[in-house]
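Structure assessment
Listed below are the residues making up each chain.
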Amino acid sequence: MDSTKTNRKRIGLMAMAATVCLMLLWACSFEGYKFNGASIDYTKTKTIQINEFPIRAAYVWSPMGPIFNNRMREIFVQQTKLTQVKRNADLKIEGEITRYDQRNKSVSSEGYSAQTELTMTVNVRFTNNVDHKQDFERQFTASQSYTTTQSLSSVQEELVTQMSRDIVDQIFNATMANW
């Protein structure tokens, strides 16, 4: 009989704790804070302008521009409630892809290149028309490696897609997460 009462008390306490946790999660997600890192006051900030990022690198792979630009727009659609506009936005992100190159990363025991590293760098200018103290201009870089037994053309799309994801995540965190 005592063990039944003890078990009921434990279940009651666990249910109460779960309810409190759910209430806290609900409250946090509706007060402008999201668990994806975005911290936006939607009462003040409603729009975002994301300009095309042209390729200004010495080496150009033409699909790189659309891959990067599409990813930039997607992340802000998926992870914020901001409306994307062409001009006069509360937030503005612009820049250019400034570096896209490869270099030998490691050498085999025979003295030949064993791995090649592909690097992409994007220069970003962020303007926050709601709070200009948050404005910045800086570069974001990502790299991916592949073995030299593979040709660049066979892995280029996959590597550029991953580097674009990495850089866009860095940009999103730098512009939306006000830690």
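In this report, the structure presented in the accompanying data block is examined. This is a predicted model, so every value here is computed, not measured.

Here we come to the pairing of strand β1 (residues 47-50). Burial of β1 is two-sided: the residues T47 and Q49 facing one way and the residues I48 and I50 facing the other way are all buried. Pairing between β1 and strand β2 (residues 83-84): two bridges, direction parallel. The residue bridging I48 from the neighbouring strand is Q84, located in β2. In this fold, β1 hands off to helix α2 (residues 64-79), which returns the chain to β2; that crossover is right-handed.

Here the focus is helix α3 (residues 152-176). The end-to-end C-alpha separation of α3 is 34 Å, in line with the 36 Å expected for 25 residues at 1.5 Å each. When the local axis directions of α3 are compared, the greatest deviation, roughly 30°, occurs at E158.

All chains considered together, the criterion is met by five aromatic pairs. Relative to F136, the ring of F126 has its centre 5.4 Å away and its plane inclined at 35°; by these criteria the two rings are tilted. Linking F126 in strand β4 (residues 113-128) with F136 in strand β5 (residues 136-147), this pair joins segments that are ten residues apart in sequence. Note on accessibility: F126 and F136 belong to one class, buried. Considering the side-chain rings of F136 and F140, the 6.4 Å spacing of their centres and the 65° angle between planes classify their relative orientation as edge-to-face. Its relative accessible area of 4% is what places F140 among the buried residues. Ring pairing ties together the aromatic residues F126, F136 and F140, which thus form one cluster.

What counts, and where the lines are drawn
Residues numbered from 1 in each chain as written. Predicted model: local features only at pLDDT ≥ 70, side-chain atom pairs only at ≥ 80, totals over all residues. Heavy atoms only, no water. Buried < 20%, exposed > 50% of the residue type's maximum accessible area, 1.4 Å probe, protein only. Helix = DSSP H or I, 4+ residues; strand = E, 2+ residues; numbered from the N terminus. Pairing = 2+ DSSP bridges. Right-handed = clockwise from strand over helix to strand, strands pointing away. Expected span 1.5 Å × (residues − 1). Bend = angle between axes of the 7 residues up to and from the residue. Phe/Tyr/Trp six-rings, centres within 6.5 Å; stacked < 30°, edge-to-face > 60°.

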